[in-house]
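Summary of the model geometry
Residues per chain are reported as follows:
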Amino acid sequence: MFLKARMTGWRAAAVGALIASAAFAGSTRTPAPDFTLASRSGGKVELTQLRGQVVMINFWASWCGPCRQEMPLLDKMYRKYKPAGFTLVGVNVETDPKDADGYLKATPVSFPILLDTENKVSQLYNVSAMPSTVLVDRKGVVRYVHHGYKAGDENEYLDRIRALIRE
Amino acid sequence: MKALRASLFLLLVLQAAACSRIEPWVKPYERERLADPIMSWDRDPISLAYITHVRDSREGARGASGAAGGGCGCN
């Protein structure tokens, strides 16, 4: 138990260091730390359950302008590439998901929204900007980390997603 | 004497604490309250630009009036 906890901590530190060294955006190759979070639509989602698919983890909040800007684009991406073995989870980092509910009512998205109310997963992935986008390949390895969002960044996401789907 | 030595040691320890690594205390994902519109100086950026200009002229100095960005750590 102790060893397992230490191992998780060590791995988180390794991933954190890698994400940090990726500076603004970049390729990495570290196993994605596993997490289980409650879904907004009920039930729980575990990262390992999604193994075999290309997974995009998007850390967002309703108070973050660029996050709001990219949400409809992410939804479009999700719908387009879902049949090809791609999935997207939106990790909401707010302590009180009420604001997120309000935002999602006005801008509905079809991908699952997970609630990280205690910010444990944000810590695990060392989220150093909002939004942060992590791409995990079919084998569960973090392949790409992107910090922030500005118009046009979605093309970079799309290139990476297509490349990972083809693997 | 002993008390003096102890207090000197304590002072040294406290001063050494200043050399510890400085990190951002608030993580980007914890900026919920900071990103609230109520935390901005003015809700109208155009009027704020005028007011800032007037202040710059009046004071003969500019800048140091805050950081850019909405507090999401993405700029």
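Structure report, in brief. (Residues numbered from 1 in each chain as written. Chains lettered and ligands numbered in written order. Predicted model: local features only at pLDDT ≥ 70, side-chain atom pairs only at ≥ 80, totals over all residues. Heavy atoms only, no water.)

1. Details of helix α1 (residues 2-17) of chain B
Under the 1.5 Å per step criterion, the end-to-end length of α1 of chain B is 23 Å for 16 residues, consistent within 8% with the ideal 22 Å. Among the 16 residues that make up α1 of chain B, zero are buried, leaving the element largely open to the surroundings. (Helix = DSSP H or I, 4+ residues; strand = E, 2+ residues; numbered from the N terminus. Expected span 1.5 Å × (residues − 1). Buried < 20%, exposed > 50% of the residue type's maximum accessible area, 1.4 Å probe, protein only.)

2. Notes on the pairing of strand β8 (residues 141-147) of chain A
Residues and elements named next belong to chain A. Burial of β8 is extensive: six of the seven residues sit out of reach of the surface. Examined bridge by bridge, strand β7 (residues 132-136) and β8 share five bridges and lie antiparallel to one another. Note that in β8 the partner of V136 across the bridge is V142. Taking the residues between adjacent antiparallel strands as the criterion, β7 and β8 are bridged by four residues, where G140 takes a positive phi near 85 degrees. (Pairing = 2+ DSSP bridges.)

3. A closer look at the state of the cysteines
All names here are of chain A. Summed over the entire model, instances satisfying the criterion amount to one disulfide over all chains. Bridging C64 to C67, the disulfide has an S-S length of 2.2 Å. Judged by the sign of its S-S torsion, about 80 degrees, the cystine formed by C64 and C67 is right-handed. The exposure classification of C64 matches that of C67, with both residues buried. (Disulfide = S-S within 2.5 Å.)

4. Here we look at the packing of helix α2 (residues 65-81) of chain A against helix α5 (residues 153-166) of chain A
Residue and element names in this part refer to chain A. For the pair α2 and α5, the least separation of the axes is 11 Å and the interaxial angle reads 20 degrees. Judged on the interaxial angle alone, α5 and α2 are roughly parallel. Handedness of the crossing formed by α2 with α5: right-handed. Along its contact with α2, which presents E70, L73, L74, M77 and Y81, the element α5 presents E154, Y157, L158, I161, R162 and I165. Its residues placed into classes, the contact of α2 with α5 shows eight nonpolar, no polar and three charged. (Axes fitted to C-alpha atoms, helices over the stretch in contact; angles between N-to-C directions. Parallel < 35°, antiparallel > 145°, perpendicular 65-115°, else oblique. Left-handed = near helix turned anticlockwise from the far one by under 90°. Contact = heavy atoms within 4.5 Å. Nonpolar A, V, L, I, M, F, W, Y, C, P; charged D, E, K, R; others polar.)

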